[in-house]
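Reading the structure
This is what each chain is made of:
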Amino acid sequence: MDLFRLTVATLLARKVWVIVLLAVIALPIILPYFTPYEANLKLLEPARAQTAWSVTWIIGVLWTLSQAARFGDSNSRTGLGAYFRSQGCGPLKQIFGIWAAIMLFLLPVVAGAVILCLAMAMPSNAQEASMWVTTNLQFAVLFLLTIGPLALLGVGLGSRFGALVGYVVPTTLCLYGLYGVGYLGMTIKMRDNPVLEWA
């Protein structure tokens, strides 16, 4: 058995993926009803789309990156990595095997968000509907291009420095990219500071 199949089997046995998949399907349907949607019913569909992608990002940051760091750490700490190395599976192949298994479980989450946005928030205008499909597919690709490398970094750092470092560093980079860059840009515009401009 290779490390990819072992990681997939472990993730299946833990069954946390069921909760993750239910969250990405149920929360975008339920949470918009907690807002004062009665004032404008047309806002319910965009709220569902926004919630779907917000939940997907939360799952990506909290679950995917933590699993990447955890599997990287356990592969190193338990001696499983040394066993696979003795079987001819090098460190890069091990990291990519763990990463591929984690990304395999993330794909249904992204697909669920896209399907939910297309099924429950599709504009009625044909031209807008076409742009809506394109926008959601672009967002899915952007999400995978962001979380994928961060999960790979999490596996690598987790195997070398432990689960905590393997989770904190990619999460910090992700949150900095999502929020920090925007706040930093606003701060630079308000104050002319060469140190802030360098960051």
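In what follows, the structure referred to is the one given above.
All of these numbers come straight from a predicted model, not from anything done at the bench. (Residues numbered from 1 in each chain as written. Predicted model: local features only at pLDDT ≥ 70, side-chain atom pairs only at ≥ 80, totals over all residues. Heavy atoms only, no water.)

When helices and strands are counted, the chain shows 8 helices and 0 strands. In the chain, the succession of helices and strands from N to C terminus is α-α-α-α-α-α-α-α. For the C-alpha atoms alone, the extent of the chain along its principal axes is close to 65 × 50 × 30 Å. Counting the 199 residues in the chain, one finds 35% classified as buried. Contacts in the chain between residues far apart in sequence, at least 24 positions, make up 74% of those at least 6 positions apart. Accessible surface computed for the chain: about 11,700 Å², of which carbon and sulfur atoms make up 70%. (Helix = DSSP H or I, 4+ residues; strand = E, 2+ residues; numbered from the N terminus. Buried < 20%, exposed > 50% of the residue type's maximum accessible area, 1.4 Å probe, protein only. Contact = heavy atoms within 4.5 Å. Areas by Shrake-Rupley, 256 points an atom, 1.4 Å probe, with all protein chains shown as cover.)

Glancing now at the packing of helix α2 (residues 16–30) against helix α3 (residues 44–77). Interhelical geometry of α2 versus α3 gives an angle of 155° and a closest axis separation of 7 Å. If you check the angle between α2 and α3, you find them roughly antiparallel. Read as a crossing pair, α2 and α3 show a hand that is right-handed. Contacts between α2 and α3 involve Val16, Val20, Ala23, Val24, Leu27, Pro28 and Ile29 on the former and, on the latter, Arg48, Thr51, Ala52, Val55, Thr56, Ile59 and Trp63. Among the residues making up the contact of α2 with α3, the classes are represented as 11 nonpolar, 2 polar and 1 charged. (Axes fitted to C-alpha atoms, helices over the stretch in contact; angles between N-to-C directions. Parallel < 35°, antiparallel > 145°, perpendicular 65-115°, else oblique. Left-handed = near helix turned anticlockwise from the far one by under 90°. Nonpolar A, V, L, I, M, F, W, Y, C, P; charged D, E, K, R; others polar.)

Taken together, the side chains of Leu153, Phe161, Val165, Val169 and Leu173 present a nonpolar region at the surface, about 400 Å² in accessible area. Elements with a minimum of two residues in the nonpolar patch: α6 (126–161) and α7 (163–190). Here the element with the most residues in the nonpolar patch is α7; it accounts for 3 residues. One can find Val165 in helix α7. Residue classification places Val165 among the partly exposed residues on the basis of a relative accessible area of 32%. (Patch = residues over 30% accessible without salt bridge, like charges linked within 9 Å, V, L, I, M, F, W, Y side chains within 5 Å. Salt bridge = Lys/Arg side-chain N within 4 Å of Asp/Glu carboxyl O.)

Let us now look at the environment of Leu80. Secondary-structure assignment places Leu80 in helix α4 (residues 80–86). On the basis of relative accessible area, Leu80 is assigned to the partly exposed category, the value being 29%. As for Leu80 and Thr134, which are separated by 54 residues in sequence, their C-alpha atoms are 43 Å apart.

Attention now moves to the pattern of salt bridges. For the structure on display, the rule yields 2 salt bridges. Residue Arg5 is joined to Asp2 by a salt bridge in which the shortest nitrogen-to-oxygen separation is 3.2 Å. According to the relative accessible area criterion, Arg5 is partly exposed, its value standing at 49%. For Asp2, a relative accessible area of 36% translates into the label partly exposed. A salt bridge links Arg77 to Asp73, with the shortest nitrogen-to-oxygen separation between them at 3.3 Å. Taken as a pair, Arg77 and Asp73 lie in helix α3 at a separation of 4 residues, close to a single helical turn. Exposure remark for Arg77: the relative accessible area of 59% places this residue in the exposed category.

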